[in-house]
Amino acid sequence: MKKLMRTWSGLVISALLLLLAMCYTVCFLPSDLSDWWGHTIQELLCFVAAIVGLIWIMRQSYFERLGLMQKLRLISGFVLLLWGLIRLFSGAYPLEIYYDTHVFGRQIVWLALQISLVAVICIIILSILKSLAFVQQGRGTARNFNGMIFMLFLVTVSAFIPHETIDDWEFEQPFFFYGNTVQIIAQSLLVFTSFIIGFRCKWMHYLNRQKKILSTGIGIVLLLLIIQLIPMLPGVAIQYSVILSAFIKGTIMILLIYGSMSVWGLILQLPSAGLMDRRMQDIQSLQQISATIGTVYNRKDLMVKTSELALEILNGDFTWIELKKQDGYEQAAISGIESSQIQAIEPNLCALRQAVQEKGEVFMIHDISRSRFFRHGPKWHFKGGSLLMAVLRFKHEIIGFMAVGKQNAFGFVEESRGLFRAFCDQVAVALENVRLVELSIEREVYKEELRVAHQAQMRLLPQEVPQISDLDVDGFCLTANDIGGDFYDYILMSDRRLDIVIGDVSGKGAAAAFYMAELKGVLQSLAPHFESPKDMLVQINDFLCNHMESNMFVTMIYMIFNFSRNQVRFARAGHEPVCYFHDKQMKWIEKKGIGLGLVSGSQFEDVMEEEVLSLDPDDGLFLYTDGLIEARNQTGEEFGRRRLNALLNDIYDMKVKKINETIQKKIKLFCQEAPQQDDMTAVMIRYYGQSE
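No experiment lies behind these values; they were computed from the predicted model shown. (Residues numbered from 1 in each chain as written. Predicted model: local features only at pLDDT ≥ 70, side-chain atom pairs only at ≥ 80, totals over all residues. Heavy atoms only, no water.)

### Here's the deal with the overall build of the protein chain
The condition that has to hold: In this description a helix means any DSSP run of H or I spanning at least four residues, a strand means any run of E spanning at least two, and both kinds are numbered starting from the N terminus. Classification of residues uses two cut-offs on accessible area relative to the type maximum, computed with a 1.4 Å probe and protein chains only: under 20% is buried, over 50% is exposed, and between them is partly exposed. Two residues qualify as a contact provided that any one of their heavy atoms is within 4.5 Å of a heavy atom in the partner residue.
Within the protein chain, the secondary structure is distributed over 20 helices and 15 strands. Buried positions account for 55% of the 692 residues belonging to the protein chain. Once local pairs closer than 6 in sequence are excluded, the contacts in the protein chain between residues at least 24 apart make up 73%.

### Focus: the sheet that holds strand 12 (residues 585-589)
Pairing between the strands of a sheet comes from backbone hydrogen bonds, and it takes one of two forms, parallel or antiparallel. Put simply, the rule is: At least two bridges found by DSSP between two strands are what make those strands a pair. Fitting a line to C-alpha atoms yields each axis, with helices limited to the stretch in contact; the angle taken between N-to-C directions then spans 0 to 180 degrees.
Spatially, the five strands line up as an open sheet ordered 6-15-14-11-12, and their pairing is antiparallel. In the strand order of this sheet, the two ends are held by strand 6 (471-478) and strand 12, each with one partner. Ignoring strand direction, the axes of neighbouring strands in this sheet form an average angle of 15°. As defined by bridge partners, strand 14 (residues 620-624) adjoins strand 15 (residues 680-687) across five bridges and the pair is classed as antiparallel.

### Some thoughts on the packing of aromatic side chains
As a reminder, the rule being used: Ring pairs are drawn from Phe, Tyr and Trp, using the six-membered ring of Trp, whenever the two centres fall within 6.5 Å, and their geometry is named by plane angle: stacked under 30 degrees, edge-to-face over 60, tilted for the rest. Think of it as a cone above the ring: NZ of Lys or CZ of Arg counts as a charge over the ring if it is within 6 Å of the ring centre and within 35 degrees of the ring normal.
Summed over all chains, the structure comprises 13 aromatic pairs. Summarising the aromatic geometry, the rings of Phe363 and Phe373 are spaced 5.6 Å apart at their centres and angled 75° between planes, so their arrangement reads as edge-to-face. Placement of Phe363 in strand 3 (residues 363-365) and of Phe373 in the loop between strand 3 and strand 4 (386-394) is noted, with a sequence separation of ten residues between them. Of the two residues, Phe363 and Phe373, both sit in the buried class. Of the aromatic side chains, those joined through ring pairs into one cluster are Phe47, Phe150 and Phe153. Taking the ring centre of Trp588 as reference, the NZ or CZ of Arg641 above it sits at 5.0 Å. We note Arg686 situated over the ring of Tyr652; from NZ or CZ to the ring centre the distance is 4.3 Å.

### Structural notes on the pairing of strand 11 (residues 578-582)
In regular strands, side chains alternate between the two faces of the sheet. The buried fraction of strand 11 is high, at four of five residues. Across five bridges, the pairing between strand 11 and strand 12 is antiparallel. When the sheet's bridge partners are listed, Phe581 is paired in strand 12 with Met586. Connecting strand 11 to the antiparallel partner strand 12 that follows it, the hairpin turn spans two residues, and Asp583 within it adopts a positive phi of roughly 55°. In this sheet, strand 14 lies alongside strand 11 in antiparallel orientation, the contact comprising three bridges. Its bridge partner being in strand 14, Phe581 is matched across the sheet by Gly620.

### Overview of the sheet that holds strand 5 (residues 397-406)
Strand order across the open sheet formed by five strands is 2-1-5-4-3, with antiparallel pairing between neighbours. Single-partner strands in this sheet number two, and they are strand 2 (328-335) and strand 3. For this sheet, the mean inter-axis angle between neighbouring strands, taken without regard to orientation, is 20°. Pairing analysis gives seven bridges linking strand 1 (residues 318-325) to strand 2, with the strands arranged antiparallel. When the sheet's bridge partners are listed, Lys324 is paired in strand 2 with Tyr329. In the packing of helix 10 (residues 299-314) onto the sheet, the strands contacted are strand 1, strand 2, strand 4 and strand 5, and the crossing angle to strand 1 comes to about 140°.

### Details of the side chain of Lys520
To keep things clear, this is the line we draw: Pairing of N or O atoms within 3.5 Å defines a polar contact, subject to two protein rules: one partner must be a possible hydrogen donor and the other a possible acceptor, and residues neighboring in sequence count only if both atoms are side-chain atoms.
Among the structural elements, Lys520 can be located in helix 15 (residues 510-526). Looking at Lys520, its side chain comes within polar contact range of the side chain of Asp489, at 3.2 Å. Contact partners of Lys520, with chain neighbours within four places excluded, come to Asp425, Leu460 and Asp489.

### Focus on the side chain of Thr193
Here Thr193 shows up in helix 6 (residues 181-198). At 3.0 Å, the side chain of Thr193 forms a polar contact with the backbone oxygen of Leu190. Leaving out residues up to four positions away in the same chain, Thr193 has contacts with Gly147, Met148 and Met151.

### Brief notes about the packing of helix 19 (residues 640-651) against helix 20 (residues 656-671)
Each pair of packed helices can be summarised by the angle the axes make with each other and by the distance between the axes. Just so we agree on the cut-off: When an angle is under 35 degrees it counts as roughly parallel; over 145 it counts as roughly antiparallel; between 65 and 115 it counts as roughly perpendicular; any other value is oblique. Rotating anticlockwise by less than a right angle from the far helix to the near helix defines a left-handed crossing, while the corresponding clockwise rotation defines a right-handed one. In this classification, the charged set is Asp, Glu, Lys and Arg, the nonpolar set is Ala, Val, Leu, Ile, Met, Phe, Trp, Tyr, Cys and Pro, and all remaining amino acids, among them Gly, are polar.
Following both chains from N to C, one finds helix 19 and helix 20 inclined at 140°, their axes separated by 11 Å at the closest point. On the basis of the axis angle, helix 19 is oblique to helix 20. Relative to helix 20, helix 19 is oriented so that their crossing is right-handed. Mapping the contact onto sequence places Arg643, Leu647, Leu648 and Ile651 in helix 19 and Ile659, Thr662, Ile663, Lys666 and Phe670 in helix 20. Classifying every residue of the contact of helix 19 with helix 20 by side-chain character gives six nonpolar, one polar and two charged.

### A short note on unusual backbone geometry
Non-glycine residue Asn566 carries a positive phi angle of around 55°. Positioned with a positive phi, Asp618 is a non-glycine residue whose angle comes to about 75°. Along the chain, Asp618 falls in the loop between strand 13 (610-614) and strand 14.

### A word on the nonpolar core
Counted only if it meets this: Nonpolar core, defined: a set of buried Ala, Val, Leu, Ile, Met, Phe, Trp, Tyr and Cys residues in which side-chain atoms within 4.5 Å join the residues together.
The biggest cluster of nonpolar side chains holds 75 residues, and the ones touching the most others in it are Ile57, Leu82, Leu129, Phe145, Trp203, Tyr240 and Tyr258. Elements with a contribution of two residues or more to this core: helix 1 (2-28), helix 2 (36-59), helix 3 (68-91), helix 4 (101-133), helix 5 (141-157), helix 6, helix 7 (209-229) and helix 9 (242-293). Apart from the residues lying within four places of it in its own chain, the contact partners of Phe145 are Ile57, Leu126, Leu129, Lys130, Phe134 and Ile197. Of all hydrophobic cores here, the second largest spans 61 residues; its members include Leu461, Val501, Phe561 and Tyr580.

### Looking at the pattern of salt bridges
Using the following cut-off: We define a salt bridge as a contact between a side-chain nitrogen of Lys or Arg and a carboxyl oxygen of Asp or Glu at a distance within 4 Å.
Counted by the stated rule, this structure contains 17 salt bridges. Note that Asp618 is salt-bridged to Arg686, the shortest N-O span being 3.7 Å. Pair noted here: Asp618 is in the loop between strand 13 and strand 14 and Arg686 is in strand 15, with a separation of 68 residues, a long-range link. Among the residues examined, Asp618 registers a relative accessible area of 26% and is labelled partly exposed. Among the residues examined, Arg686 registers a relative accessible area of 4% and is labelled buried. Each of Lys584, Asp618, Asp653 and Arg686 takes part in salt bridges that share partners, so that together they form one network.

### Topic: the environment of Gln467
Secondary-structure assignment places Gln467 in the loop between helix 14 (446-458) and strand 6. The sequence separation of Gln467 and Asp495 amounts to 28 residues, and the corresponding C-alpha distance is 9.0 Å. Within the structure, the side chain of Gln467 is placed 3.0 Å from the backbone oxygen of Val465, a separation counted as a polar contact.

Any functional reading would require information that these geometric values do not contain.
Rendered as structure tokens:
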């Protein structure tokens, strides 16, 4: 109860002050409408009420806890209520009542009550608008929003400076940009700051296509209703309170600007809304894959589930899986096409398998009928068609192939490659998991199974270093006996951009291993759509909060190298600090951040900080997981960061690969025969670009 009172105390005080102003007006003003002191006291009460309301808006955070659709429904409802009340008091009172003391005395109580209620609604609307503007809050969001509220304060306080006597005020006044110089400047600044806040519409990215269409329609209707209010306010409201009239009109101007920019942003996003929905579906499908095939231990059932999921996530028409046997390949699963049709084009598939194996990545054929693999020999069953084919690989050994196709040509896009690759990686891990379970049943050697599964998991780590002239990078992962969750990856976006990520999934065992595999697919799927490491981690955190077990979390550092700008940006989600070498000096950078999956929403985003470094030639960066400094010798003593500092200072002049080899040797020498307790992972980076 006390917490609830503290949350709403500002709004309640503001409403009580408005009620007091109304009571004062009803009791005293009708007797002498020309009483200057009476009007001044009434206006002061209204002014204090408005100020208390503005302070409450800046300090409260109640509406930030609500869901996005709840906020949109609330603000829509209050705007409709605002429109109805203004229509009511603007059309219910003939203008002559303000010049008839007797009539005014009877009507003023209802007019005062309605205008006071409109002012309270304006305060609530601004508070909800704040929660929308603070979605994915940036560094300057709070400053800009508070600046807009301060401009609204100036608009309100400037109403104390009338440009004419109150008897000369007319009902047909302009809606905005009127009065003396101070008032016009304050109103202009309010419009300017409102436009700045209008760009804070990142909440719309979290709406799917259907919700965006609905929000656009409702937004247009509400904008038309707000525009209807423009000619209604200057007349009636100003006769009761100049202060409240200025405050209400300022709020409506903010609503008009922010609403217009939001609707315009939604309209611009509608053409690509389906693509973003599809991307979110892909991410959810990857989670479904891990949850489904990771718990299937029968080979036949696994193949059936894999076929169903492949058609679902890639929107395919047919699929088949071939597993390697001694004298060739056998069909382990097939869906959407007859087995005889696949057997009929076996000569063509032999050449295709060879090409896929040599390439090592997903092979995409846009038009099967025109492909060089199907020009000769048996004809393809379909007149056209498109095909994706990839290797199922365990360690360095090919265990099979998987293909997904569509009956129409050019049915897949370039982004389908990354999704299919992540899918095949998880299928390979699942196949190996099935094999291990079969071995455990036959041999009852569970420890050996975990070791082999861990090796299969490590296969998901980068198998080669990106060839970039400006950068030299090398990483390693020393696995413990049990399955763990350490990982690192290089995501080459272009010849001028490279993403590097290192992370550690909490806990051990199969759960950590599967989350690691799932994260690799999520990272590859999301990387092309984000330019900011912080935004990337916020998106991954939202995904993990919805799909990860509550007792697990992930620490991570995500880096984006921009070689065009000689710059690296990174954010840290609860991970070990970054070691930065500049001018032969070593510095530890430990920006704020919390582990992925621990908290959700704005709480995670508010804590997260992003660092930007300008790189000079011979600058270096060193990333590692906690297993590196927590390695213990036979007496239980940890290797520690102090030893790591000294070691890095001594060997920094070496090549990055030699640095990593030396670190591994020193740790092994320190631990001697003590068993390794945790995975140890590190990535060393050195920049060789030219200074600007």
